[in-house]
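Given next are the chains, with one letter for each unit.
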Amino acid sequence: MSPLAPLGFFAHPPLAAGDFESISTVTVGAGGASSVSFSSIPSTFKHLQIRAIMKASDSIYMSFNSDTTNSNYYSHWLTGQGSSASASSFAGRLAPVIMAGTGASGFSAVIWDVLDYADANKYKTVRVLTGHDQNGSGEVGLTSMLWKSTSATTQIDIAPVSGSSISQYSSFALYGIRGE
Amino acid sequence: MASTYEPIATTTLGSAVASYTFSSIPGTYTDLIMVVSAKLTSGGATNHYYTLNSDTGSNYSYTRLYGTGSSAGSGRGSNTTNIFGGDITSTEPLADIVQFNNYANTSTYKTILIRNNPVTSTVHAIVSLWRNTAAITSITATTPSSTFAVGSTFTLYGIKAA
């Protein structure tokens, strides 16, 4: 059986060493963090994936290459809230992540896929699987985000909207996925 | 170069079983991904589920998002005895991709994400919580009303962050 490629498709041939590489990892220590950043991202991969668990005191912004112009971003959300499904969209840097609050017992789990992140001919699309459950509350979502820039992605920043903190034990791992 | 994304174990069933377990999972990775392609030996659609570290207590919960082909909806289970997996049938194979981020972290409860699609019924996204800070060392897949058919496959991958 061929192993599963990180983006959810069966790959032929099997992944070789170096096809899915760890680039950088950030784990938030005691006291929390005001932001998490991945910088100097090499352009040698085809796609990026960030795998995370996190809590924060607010919703979070996500920005690329320090671009904080809200009109350059758009997101779509399809979520399940336990009693009903919901669809929505937002203009701006609001990261399409379902966030567990700092007082929650369970962390949010997030998998971001940034497709063709270094392609100078395309705007950048982010696909997200995200959710948290708190045994009686919680939400799960399939979301996406657009960054309207053809620049290669060299930096990704994640920070709470209100300027507060990302909780201790939150962990973010950036991976690069090679194409042929 | 050491591989970041490694197969840990895989099996293709040579005989039907009611449950399948990955045991003795090493704690040396950052995340686990389990891929299940399975169908029932016989019978109509029924639930399948997962348990961790042989824990069958009421220590799980979930929130799910689904589409049936005619509508979208959401549901929830609290104080459940397992991770809800949704329907599995004896006709088309179910495809489960189960993500266990930071599975060996002993400071946090475990949040599990599932994408699956029992073809004849729904497309699904599920988030589940296991209220235990223990590292995950075993994962058991179970179908209570039938058996996993011959040819069903279960594969576990480990992802190691820098």
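Higher on the page you've got the structure.
Thresholds applied
What you see as residue numbers is a count from 1 along each chain, following the sequence as written. As they are written, the chains are lettered A onward and the ligands numbered 1 onward, keeping that order. Restriction of local features to residues with pLDDT of at least 70 applies here, the model being predicted, together with a cutoff of 80 or more for giving and counting side-chain atom pairs; totals for whole chains, interfaces and linings are based on all residues. The basis for every side-chain value is the complete set of non-hydrogen atoms in the structure, without hydrogens or water. Only DSSP runs of H or I reaching four residues or more are called helices, and only runs of E reaching two or more are called strands; each is numbered from the N terminus. Buried, partly exposed and exposed residues are distinguished by accessible area as a fraction of the type maximum, computed with a 1.4 Å probe on protein chains only: under 20%, between the cut-offs, and over 50%, respectively. Contact definition: two residues touch when any of their heavy atoms are within 4.5 Å. Note on areas: these come from Shrake-Rupley sampling with a 1.4 Å probe, and a residue is covered only by the protein chains present in the view. Counting rule applied: Lys, Arg positive; Asp, Glu negative; His and chain ends not counted. For the purpose of locating charges, the reference atoms are NZ of Lys, CZ of Arg, CG of Asp and CD of Glu. We compute the radius of gyration over the C-alpha atoms and compare it with the globule rule, which gives 2.2 Å times the number of residues raised to the power 0.38. At least two bridges found by DSSP between two strands are what make those strands a pair. Here an angle of 0 to 180 degrees is reported between the N-to-C directions of two axes, which are lines fitted to C-alpha atoms, with helices fitted over the stretch in contact. Summed over both partners, the accessible area lost on bringing two parts together, with a 1.4 Å probe, is the buried area. What makes a salt bridge here is a side-chain nitrogen of Lys or Arg within 4 Å of a carboxyl oxygen of Asp or Glu, nothing more. Grid points spaced at 1 Å and placed over the protein atoms alone form the basis of the search, with a cavity being a set where a 1.4 Å probe fits but cannot get out and a pocket an open set showing protein on both sides within 12 Å along at least five of seven lines. Lining residues have an atom within 4 Å of a point. Grid points are joined across faces, edges and corners, and a volume is the space filled by probe spheres set on the points. Each residue is assigned to one of three groups, with Ala, Val, Leu, Ile, Met, Phe, Trp, Tyr, Cys and Pro labelled nonpolar, Asp, Glu, Lys and Arg labelled charged, and all others, Gly among them, labelled polar.

## Brief notes about the overall build of chain B
Secondary structure summary: chain B contains 0 helices and 12 strands in total. Mapped in sequence order, the helices and strands of chain B form the string β-β-β-β-β-β-β-β-β-β-β-β. By its C-alpha atoms, chain B is 45 × 35 × 30 Å across when sized along the principal axes. Taking all 162 residues of chain B together, the buried fraction comes to 55%. Taking contacts inside chain B between residues at least 6 apart in sequence as the whole, the part at least 24 apart equals 74%. Counting only carbon and sulfur atoms, one obtains 49% of the accessible surface of chain B, whose full area is about 5800 Å². Averaging the coordinates of the 7 positive side-chain charges in chain B and doing the same for the 6 negative ones gives two points 7 Å apart.

## Let's talk about the overall build of chain A
Helices and strands together make up the secondary structure of chain A, namely 0 helices and 11 strands. Traced from its N-terminal end to its C-terminal end, chain A shows the element sequence β-β-β-β-β-β-β-β-β-β-β. For 180 residues, the compact-globule estimate of 2.2 N^0.38 gives 16 Å, and the C-alpha radius of gyration of chain A, at 16 Å, lies within 12% of that figure. Burial statistics for chain A: of 180 residues in total, 50% are counted as buried. On chain A, the mean spot of the 9 positive side-chain charges and the mean spot of the 11 negative ones are 3 Å from each other.

## Regarding the pairing of strand β2 (residues 19–22) of chain B
Two faces belong to every sheet, and in a regular strand the side chains alternate between them. Residue and element names in this part refer to chain B. Burial along β2 is one-sided: the residues Tyr20 and Phe22 are buried and none of Ser19 and Thr21 is. Alignment of β2 against strand β11 (residues 139–142), held across 4 bridges, turns out to be antiparallel. Paired with Tyr20 across the strands is Ala141, a residue of β11.

## Things to note about the sheet that holds strand β8 (residues 124–133) of chain A
One key point about sheets: their strands pair by backbone hydrogen bonds, in either a parallel or an antiparallel sense. Residues and elements named next belong to chain A. In spatial order, the strands read β1-β11-β3-β7-β8-β9-β5-β6; together these 8 strands make up an open sheet with antiparallel pairing. The sheet terminates laterally at β1 (20–27) and β6 (85–91), the two strands that pair on one side only. Neighbouring strand axes in the sheet, compared pairwise and without regard to direction, differ in orientation by 15° on average. For strand β3 (residues 47–54) and strand β11 (residues 171–177), the ladder comprises 7 bridges, and the chain directions are antiparallel.

## Overview of the interface of chain B and chain A
With 47 residues of chain B at the contact, the number on the chain A side is 49 residues. Roughly 3600 Å² of surface becomes buried between chain B and chain A when both sides are summed, with 64% attributable to carbon and sulfur atoms. If you sort the residues of chain B by the area they bury against chain A, Tyr5, Leu65 and Arg76 of chain B come out on top, with a joint share of 17%. Our enumeration of links across chain B and chain A arrives at 1 salt bridge. Of the charged contacts, one joins Arg51 of chain A and Asp31 of chain B as a salt bridge, the two residues approaching to 2.7 Å between their closest N and O atoms.

## Structural notes on the environment of Ile33 of chain B
Checked against the element boundaries, Ile33 of chain B lands in strand β3 (residues 31–38). Sequence spacing of Ile33 of chain B and Leu13 of chain B is 20 residues, and the spatial spacing of their C-alpha atoms is 19 Å.

## Side note on empty space enclosed by the protein
Considering all chains together, one arrives at 1 cavity of 30 Å³ or more under this definition. If you add up the space inside the largest cavity, you get close to 30 Å³. Along its surface, the largest cavity is lined by Ile53 and Phe107 of chain A together with Asn101, Asn102, Thr108, Tyr109, Lys110 and Thr111 of chain B. Residue classes in the lining of the largest cavity are distributed as 3 nonpolar, 4 polar and 1 charged.

## What about unusual backbone geometry?
Residue Tyr169 of chain A is not a glycine yet carries a positive backbone phi of 75°. Positionally, Tyr169 of chain A belongs in the loop between β10 (156–160) and β11. Non-glycine residue Ser24 of chain B carries a positive phi angle of around 55°. With respect to the helices and strands, Ser24 of chain B occurs in the loop between β2 and β3.

## Observations regarding the pattern of salt bridges
Residue and element names in this part refer to chain A. Across all of its chains, the model carries 6 salt bridges over all chains by this definition. With a shortest N-O distance of 2.8 Å, Arg178 and Glu21 are connected by a salt bridge. Of this pair, Arg178 sits in the segment after β11 while Glu21 sits in strand β1; the two residues are 157 residues apart in sequence, bridging distant segments of the chain. According to the relative accessible area criterion, Arg178 is partly exposed, its value standing at 34%. Judged by its relative accessible area of 13%, Glu21 falls in the buried class. Between Asp116 and Lys46 there is a salt bridge, with the nearest N and O atoms lying 3.0 Å from each other. Residue Asp116 is located in the loop between β7 (108–115) and β8, and its partner Lys46 is located in the loop between β2 (36–38) and β3; the two are separated by 70 residues in the primary sequence. On the accessibility criterion, Asp116 (12% relative accessible area) is buried. Within this structure, Lys46, Asp116, Asp119 and Lys122 form a network of salt bridges that share partners.

Everything listed is a geometric property; what it means functionally is a separate question.
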